[in-house]
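Architecture at a glance
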Amino acid sequence: MSGPANVTRRIQKELGLKVDGIFGPVTLEAINGQVPYRFFWRIYEMRSDHFYSICQNNASQVKFLKGWLRRLKGFHTDMLQLNNSKFIFFTWDGKRRTV
């Protein structure tokens, strides 16, 4: 689930959209139509499932699981800062934006 195109595909699939990996106006409109906290909670669960799947498929990756989950917990903290009218986004260069 890493990388912009892969994340976009997963989100498109989760939202029932055509999965093409392109973050365009249709994907953005579908995201903006979601309840912010619920949407971010779905992403949180997708990431968590992804990390556990990696470890199930390759036991040598278990040593990284604690760090991955710690970073994911930071993502959860950001979700708690949301209200119904604002999304907090992190751009691909790591900069934080509120929309």
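We now turn to the structure provided with this report.

Thresholds, definitions, all that
- Residues numbered from 1 in each chain as written.
- Predicted model: local features only at pLDDT ≥ 70, side-chain atom pairs only at ≥ 80, totals over all residues.
- Heavy atoms only, no water.
- Helix = DSSP H or I, 4+ residues; strand = E, 2+ residues; numbered from the N terminus.
- Buried < 20%, exposed > 50% of the residue type's maximum accessible area, 1.4 Å probe, protein only.
- Phe/Tyr/Trp six-rings, centres within 6.5 Å; stacked < 30°, edge-to-face > 60°.
- Core = buried A, V, L, I, M, F, W, Y, C linked by side-chain atoms within 4.5 Å.
- Contact = heavy atoms within 4.5 Å.
- Axes fitted to C-alpha atoms, helices over the stretch in contact; angles between N-to-C directions.
- Parallel < 35°, antiparallel > 145°, perpendicular 65-115°, else oblique.
- Left-handed = near helix turned anticlockwise from the far one by under 90°.
- Nonpolar A, V, L, I, M, F, W, Y, C, P; charged D, E, K, R; others polar.
- Polar contact = N/O pair within 3.5 Å; in protein donor to acceptor, adjacent residues only side chain to side chain.

**A short note on the environment of Asn-6**
Inspection of the secondary structure assignment puts Asn-6 in helix α1 (residues 4–14). According to the relative accessible area criterion, Asn-6 is partly exposed, its value standing at 38%. Separated by 16 residues in the primary sequence, Asn-6 and Ile-22 have C-alpha atoms spaced 9.5 Å apart.

**Structural notes on the packing of aromatic side chains**
This structure, assessed with the given rule, holds four aromatic pairs. Arranged with centres 5.2 Å apart and planes meeting at 25°, the rings of Phe-51 and Trp-68 form a pair that is stacked. You can see Phe-51 sitting in helix α3 (residues 36–57) and its partner Trp-68 sitting in helix α4 (residues 62–80), a full 17 residues away along the chain. This pair shows no difference in class: Phe-51 is buried, exactly as Trp-68 is. The structure contains a cluster of three or more aromatic residues connected by ring pairs, namely Phe-51, Phe-64 and Trp-68.

**Remarks on the nonpolar core**
One finds Val-7, Ile-11, Leu-15, Ala-30, Ile-31, Phe-39, Phe-40, Ile-43 and Met-46 forming the largest nonpolar core, which totals nine residues. Tallying contributions element by element places α3 first for this core, with four residues. Tyr-44, Cys-55, Leu-65 and Leu-72 belong to the second largest nonpolar core, which has six residues in total.

**Quick word on the side chain of Thr-27**
As for its position among the elements, Thr-27 is in helix α2 (residues 25–32). When sequence neighbours within four positions are dropped, the list of residues in contact with Thr-27 reads Gln-12, Leu-17 and Ile-22.

**A look at the packing of α1 against α3**
Their axes nearest at 11 Å, the elements α1 and α3 cross at an angle of 120°. The pairing of α1 with α3 is recorded here as oblique in orientation. Like other packed secondary-structure pairs, α1 and α3 cross with a definite hand, here right-handed. On α3, the residues that touch Arg-10, Ile-11 and Glu-14 of α1 are Phe-39, Arg-42, Ile-43, Met-46 and His-50. Looking at the contact of α1 with α3, its residues break down into four nonpolar, one polar and three charged.

**Some points on the side chain of Gln-12**
Mapped onto the elements of the fold, Gln-12 is located in helix α1. Judged by relative accessible area, which is 1%, Gln-12 ranks as buried. From its side chain, Gln-12 meets the backbone oxygen of Ile-22 in a polar contact 3.0 Å long. For Gln-12, the residues in contact, after removing those within four places along its chain, are Leu-17, Lys-18, Val-19, Asp-20, Gly-21, Ile-22 and Thr-27.

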